[in-house]
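Observations on chain architecture
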Amino acid sequence: EAKEDYKESDIYSLGAVIFKMLLGKAPTAEISQYIADHKLHEASPDSNVYEVPYFFKDYILSNDMCQIMVKLLHKNPDHRFKDLTAVRKEMADLKT
């Protein structure tokens, strides 16, 4: 089980590094809580569109990139990517 905890924290840590690279600042606990509270991991019932969190609104990020960040930084590990292979696949799909 300890190995699973490391994997979950590695996913979050990767999200924190990418967040800092894209926005120039580290994510805060408030951001992870906001993602969880607003259920940003869930698509709108009317479409496949996800809400763009307020902390990305001033940056030029695609909706897909915002969703990747949400899945990396979610407070609840159950809503994060399951492993780095899944992250890599979604990041590669951004190019297509």
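All figures in this text were calculated on a predicted structure; none of them were measured in a lab.

A separate point is the overall build of the protein chain. Per the secondary structure count, the protein chain includes four helices and zero strands. When the elements of the protein chain are put in sequence order from the N terminus, they spell out α-α-α-α. Residues counted as buried form 28% of the 96 residues belonging to the protein chain. For the protein chain, restricting intrachain contacts to residue pairs at least 6 apart in sequence, the fraction spanning at least 24 positions comes to 58%. Within the structure as shown, the protein chain displays about 6300 Å² of accessible surface, and the carbon and sulfur contribution to it stands at 54%.

A separate point is the pattern of salt bridges. Using the criterion set out here, one finds two salt bridges in the structure. Linking Glu90 and Lys71 is a salt bridge whose minimum nitrogen-to-oxygen distance equals 2.7 Å. Linking Glu90 in helix α4 (residues 84-94) with Lys71 in helix α3 (residues 63-73), this pair joins segments that are 19 residues apart in sequence. Between Lys89 and Asp93 there is a salt bridge, with its nearest N and O atoms 2.9 Å apart. Of this pair, Lys89 and Asp93 both sit in helix α4, separated by four residues, roughly a single helical turn.

Note on soluble globular proteins: their nonpolar side chains tend to be buried together. Counting residues in each nonpolar core, the largest one holds 18 residues, and the members touching the most others are Phe19, Ile35, Phe55, Phe56, Met69, Leu72 and Phe81. Of all the elements in the fold, those that place two or more residues in this core are α1 (2-23), α2 (29-37) and α3. Sorting elements by how many residues they give to this core places α3 first, with seven residues.

Before going further, it helps to spend a moment on α2. Owing to its 3.6 residues per turn, the α-helix brings residues three or four apart onto one side. Along α2, the positions that sit buried rather than exposed are Ile31, Ser32, Tyr34 and Ile35. An end-on view of α2 places all buried positions within 160° of arc, on one side of the element. Residues of α2 that are exposed and point over 90 degrees away from its buried face: Ala29, Glu30 and Asp37. At the C-terminal side of α2, Lys39 shows a positive phi close to 50°.

Calculation criteria
Residues numbered from 1 in each chain as written. Predicted model: local features only at pLDDT ≥ 70, side-chain atom pairs only at ≥ 80, totals over all residues. Heavy atoms only, no water. Helix = DSSP H or I, 4+ residues; strand = E, 2+ residues; numbered from the N terminus. Buried < 20%, exposed > 50% of the residue type's maximum accessible area, 1.4 Å probe, protein only. Contact = heavy atoms within 4.5 Å. Areas by Shrake-Rupley, 256 points an atom, 1.4 Å probe, with all protein chains shown as cover. Salt bridge = Lys/Arg side-chain N within 4 Å of Asp/Glu carboxyl O. Core = buried A, V, L, I, M, F, W, Y, C linked by side-chain atoms within 4.5 Å. Arc of directions from axis to C-beta.

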